[in-house]
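Observations on the model geometry
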Amino acid sequence: MTLQQFFTAVPKAAVAFSGGTDSALLLWAAKQYGCDLRAYYVKTAFQPDFELADARRLAEQLSVPMTVVEMDILSVPEAAANGPRRCYYCKRALFGRLRQAAAADGFSVLLDGTNASDDAGDRPGMVALRELKVRSPLRECGISKAEVRRMSRQAGLFTWDKPAYACLATRVPTGTAITADALHRVEQAETALAALGFSDFRVRLLDGCARIQMTEDQLPRALDCRGQILKALEPLFPAVLLGIFPHTNDLFYLVFDLQKFFHLRIDGRKFRLPRLVFLFQTVMLFAPCSDRQFSILKMRL
């Protein structure tokens, strides 16, 4: 089945629109193939402001009406508790609210942007979507993530190369309760890194500290910009760490010269770092922390 055939069979639908690559293509296809539609964006503390800005921009470009549904997701106890099934309770709450809003506007069919590359299985969020009878045209039509990007580029959508983005709740370790303050600090930190020109990264919480994860090609620049990163993030966190994830045995290695500096080599480039920067396992400490924090981090890592 093609998307055109899908929307011929489903001529009227509400689209759960996140502003991401997948739902952007879905919205474009629905509009392209004559579907009577409305986009619905749910705004919670789990979604950063830039996602709403992207959603509004694309909806305007496609001339698709969009409703923003506000919801206090932290009032859902199971979502705020951040247990192993958080995603299930979150999806149930969000899509349940979206279905109510869509039904009030006369839409009986609710669509989402899950694609064929997404492993449905028994993932909690996917289970919630099935229970709520949310349909996923990209998945039903066998369209993979790579095809989503190719088709989006051909359609001229600015989201075609937008990095995948998981909600802010994923930055908090499972089992640690999610608070509005923690989400706000993470969003501020990620906004600051984006302003410095970084992309495709995450700022995750680790015992109250910030742990930056980014693609390997950005690591040398992160070291070059260490001062700017610390200036932006130190007011938000007691310590800032940079995660490194080697894919070969010799890509990342540390030479400790027993002097006042560590020497770190990444892709043949040598960096001379103050002894305040500790490197152990997969995390490099960007900023000094207390003895207690260091002990906790060392045990955790």
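Definitions and cut-offs
- Residues numbered from 1 in each chain as written.
- Predicted model: local features only at pLDDT ≥ 70, side-chain atom pairs only at ≥ 80, totals over all residues.
- Heavy atoms only, no water.
- Buried < 20%, exposed > 50% of the residue type's maximum accessible area, 1.4 Å probe, protein only.
- Helix = DSSP H or I, 4+ residues; strand = E, 2+ residues; numbered from the N terminus.
- Pairing = 2+ DSSP bridges.
- Right-handed = clockwise from strand over helix to strand, strands pointing away.
- Axes fitted to C-alpha atoms, helices over the stretch in contact; angles between N-to-C directions.
- Parallel < 35°, antiparallel > 145°, perpendicular 65-115°, else oblique.
- Left-handed = near helix turned anticlockwise from the far one by under 90°.
- Contact = heavy atoms within 4.5 Å.
- Core = buried A, V, L, I, M, F, W, Y, C linked by side-chain atoms within 4.5 Å.

1. Here we look at the pairing of strand β2 (residues 36-43)
- In terms of burial, β2 is a largely internal element, 6 of the 8 residues being buried.
- As defined by bridge partners, strand β1 (residues 12-16) adjoins β2 across 5 bridges and the pair is classed as parallel. Within β2, the residue paired with Val-15 across the bridge is Ala-39.
- A crossover connection joins β1 to the parallel β2 through helix α2 (residues 21-32); in handedness this β-α-β unit is right-handed.
- Relative to strand β3 (residues 66-70), β2 is paired through 5 bridges, and the arrangement is parallel. Bridge pairing in β3 links Ala-39 to Met-66.
- As a crossover connection, the stretch from β2 through helix α3 (residues 49-62) into β3 is right-handed.

2. Notes on the packing of α2 against α3
- With their axes 11 Å apart at the nearest point, α2 and α3 run at an angle of 15° to one another. Comparing their axes, α3 and α2 come out roughly parallel. Once α2 is placed against α3, the crossing between them reads as right-handed. On α3, the residues that touch Ala-24, Leu-27, Trp-28 and Lys-31 of α2 are Leu-58, Ala-59 and Leu-62.

3. Some thoughts on the nonpolar core
- Counting 52 residues, the largest nonpolar core has Ile-73, Phe-95, Phe-198, Ile-212, Ile-229 and Leu-233 as its most contacted members.
- Sorting elements by how many residues they give to this core places helix α5 (residues 86-104) first, with 7 residues.
- Setting aside its immediate chain neighbours within four residues, Ile-212 contacts Leu-193, Arg-202, Val-203, Ile-229, Leu-233, Val-240, Leu-241, Leu-242 and Gly-243.
- Counting 31 residues, the second largest nonpolar core, distinct from the first, contains Phe-6, Leu-25, Leu-37 and Leu-138.

Treat this as a map of the structure, not an account of what it does.
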